[in-house]
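The primary structure of each chain is shown beneath.
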Amino acid sequence: MTAEEFVKSKTPNAKAEKHTSGIIGDAQSTYWLIRDGRNTMYFASGKTKSKAWMKAKKRILEIENKK
């Protein structure tokens, strides 16, 4: 099971959003946010889509272990 599949099994409305920061050109950088549906706060972030999903999975596991 991939990290994305794992996260979506726990939070079915989870989605990845691509964002760009900085001025157009050399200083521009791309990052990904994982949100639970239309919530304004993001759940996890990463420089690539895959890393963002992996961080979201890690966060879910941490929350589950605290219970």
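Predicted model only: the values in this text are computed from it and were never measured.

J.: Now, about the packing of aromatic side chains: what can you tell me, with residues and values included?
T.: In the structure shown here, the tally under the stated rule is zero aromatic pairs. In this arrangement the basic side chain of K57 is found over the ring face of F6, its NZ or CZ atom lying 5.3 Å from the centre. A cation sits over an aromatic face here: R59 above F43, 4.5 Å from the ring centre.

J.: How would you summarise helix α2 (residues 49-66) if you had to cite specific residues and measurements?
T.: Compared with an ideal rise of 1.5 Å per residue, which puts 18 residues at 26 Å, α2 spans 26 Å between its outermost C-alpha atoms and is within 8% of the ideal. Taken together, the buried residues of α2 touch α1 (3-10), β1 (14-21), β2 (29-36) and β3 (44-46).

Reading the values: rules and limits
- Residues numbered from 1 in each chain as written.
- Predicted model: local features only at pLDDT ≥ 70, side-chain atom pairs only at ≥ 80, totals over all residues.
- Heavy atoms only, no water.
- Phe/Tyr/Trp six-rings, centres within 6.5 Å; stacked < 30°, edge-to-face > 60°.
- Lys NZ or Arg CZ within 6 Å of the ring centre and 35° of its normal.
- Helix = DSSP H or I, 4+ residues; strand = E, 2+ residues; numbered from the N terminus.
- Expected span 1.5 Å × (residues − 1).
- Contact = heavy atoms within 4.5 Å.

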